[in-house]
Amino acid sequence: MRVIFAGTPEFARSALAALHAAGHDIVGVLTQPDRPAGRGMKLQASAVKQFAMAHGLTVLQPHSLKLEGKYPDEALAAQQFIAQAQADVMVVAAYGLILPQWVLDAPRFGCLNIHASLLPRWRGAAPIHRAIEAGDAETGVTIMQMDAGLDTGDMLLKETMPIGPQETTATLHDALASMGSVMIVNALTLVGQFKPAKQPTEGVTYAHKIEKSEAALDWSQSAQVLAQRVRAFDPFPGMSTLCGDELIKVWQAHALPADAGSGSGRAPGTVLSLGEEGIRVACGEGILCLTQLQKPGGKRQAVSEFIRSFKASVGDVFKS
């Protein structure tokens, strides 16, 4: 098929690579403009652009697709390109721009979206993070016929997978990217044969964008909730806590069972013990055992290595 692809991060690159390998004619790639990244804050191409350039694909990077918006010239150029491309379908995966109606209507079979959740649960920008943060037992990928709403289109394909007890956003992302890549290749063999299913009106939740302000460990919360947030915010933004005036990142932690000692009567954030098995910290409910941490400017360390130079004692209180 003649395919226009729209996507930006690694999740989308996996799908583009699968479509390319399957022999589809990728007539154009839309991706976000280069952004400053890394310590030097140099402009860096998206994962999708890097793949497209390496394979000789045409790349467009408009700041917006709204013809009446802030970048009308870029939007108009994109509109002309898309019209001339005469694509059968546009495949969209974590693109990051709103598609106006003229984009949705341009390809012969419209726009298909690869969304990393079991819709209608976790519509929006960060479905992988929010599923782990909420303690969901399963997630998956939905291939959706896009409409003008926020992830509200009819469902075409859906597959599920369990969320393991140690799953992080990093590991779940890779599994879902692989699943989505296989599904979209399959979906293009079925275009024109689908029986679209309306999304249920019940069970709708929104996966709001992850903000850096969410990184602070709030010790008044339960240990279980904090353990889920630690896994959900790995690799970004990473959960953190203050020990004195030093900001410590916490990358791995688990809630201890109820019979491990309640820590009741101790203020949330109080260090209950330090050992090679972990740093036990009192929470609003239960105890959180920290097992992988990072000091400012350092690297992630297992707790057995971390505590050798960690200046904290039993009774110290971590702050949010």
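The structure this text deals with has already been given above.
First, a word on scope: everything that follows refers to the structure included in this document. Bear in mind the structure is a predicted one, so any value in this text is a computation, not a measurement. (Residues numbered from 1 in each chain as written. Predicted model: local features only at pLDDT ≥ 70, side-chain atom pairs only at ≥ 80, totals over all residues. Heavy atoms only, no water.)

## Here we look at the sheet that holds strand β5 (residues 59-60)
Strand pairing in a sheet is mediated by backbone hydrogen bonds. Such pairs are either parallel or antiparallel.
Line of reasoning, step 1. Here we have 7 strands laid out as an open sheet, ordered β5-β2-β1-β6-β7-β9-β10, and mixed in their pairing. Since the sheet does not close on itself, it has two edges, and those belong to β5 and β10 (154-162), each with one partner.
Line of reasoning, step 2. Here 8 bridges tie strand β9 (residues 138-145) to β10, and the two strands are oriented antiparallel to one another. Paired with valine 141 across the strands is glutamate 159, a residue of β10.
Line of reasoning, step 3. Along the sheet, helix α6 (residues 169-190) makes contact with β1 (2-7), β6 (89-93), β7 (111-115), β9 and β10, crossing β10 at roughly 145°. (Pairing = 2+ DSSP bridges. Helix = DSSP H or I, 4+ residues; strand = E, 2+ residues; numbered from the N terminus. Contact = heavy atoms within 4.5 Å. Axes fitted to C-alpha atoms, helices over the stretch in contact; angles between N-to-C directions.)

## Re the packing of helix α1 (residues 10-21) against α6
Line of reasoning, step 1. Between α1 and α6, whose axes approach to 8 Å, the crossing angle comes to 35°. In this structure, α1 meets α6 at a crossing whose hand is right-handed. Contacts between α1 and α6 involve Glu10, Phe11, Ser14, Ala15, Ala18 and Leu19 from the former and His173, Leu176, Ala177, Ser181, Ile184, Val185 and Leu188 from the latter.
Line of reasoning, step 2. For the contact of α1 with α6, the per-class residue count stands at 9 nonpolar, 3 polar and 1 charged. (Left-handed = near helix turned anticlockwise from the far one by under 90°. Nonpolar A, V, L, I, M, F, W, Y, C, P; charged D, E, K, R; others polar.)

## Observations regarding helix α2 (residues 47-54)
Line of reasoning, step 1. Buried within α2 are the following residues: Val48, Lys49, Phe51 and Ala52. Along the long axis of α2, the arc covered by the buried residues comes to 165°, so they all point the same way. Exposed residues on α2 whose side chains face more than 90 degrees from its buried face are Met53 and Ala54.
Line of reasoning, step 2. Check the buried side of α2 and you find it contacts β1, α1, β2 (25-30) and β5.
Line of reasoning, step 3. Glycine 56 lies just past α2 and shows a positive phi near 70°. (Buried < 20%, exposed > 50% of the residue type's maximum accessible area, 1.4 Å probe, protein only. Arc of directions from axis to C-beta.)

## Comments concerning the pairing of strand β12 (residues 239-243)
Line of reasoning, step 1. With 4 of its 5 residues buried, β12 lies for the most part within the structure.
Line of reasoning, step 2. Note: β12 against strand β13 (residues 246-255), 5 bridges, orientation antiparallel. Bridging across to β13, serine 240 finds its partner in lysine 249.
Line of reasoning, step 3. Between β12 and β13, which pair antiparallel and follow one another directly, the connecting turn spans 2 residues, one of which, glycine 244, has a positive phi of 65°.

## Things to note about unusual backbone geometry
Line of reasoning, step 1. For the peptide bond that leads from leucine 119 to proline 120, omega is 10°, which places it in the cis range.
Line of reasoning, step 2. Mapped onto the elements of the fold, proline 120 is located in the loop between β7 and β8 (123-124).
Line of reasoning, step 3. Residue proline 235 is bonded to the preceding aspartate 234 through a cis peptide linkage, with omega at 25°.
Line of reasoning, step 4. Here proline 235 shows up in the loop between α7 (223-232) and β12.
Line of reasoning, step 5. One non-glycine residue, tryptophan 122, adopts positive backbone phi at about 60°.
Line of reasoning, step 6. For tryptophan 122, the position within the fold is in the loop between β7 and β8.
Line of reasoning, step 7. In this model, aspartate 151 sits at a positive phi of 55°, which is unusual for a non-glycine residue.

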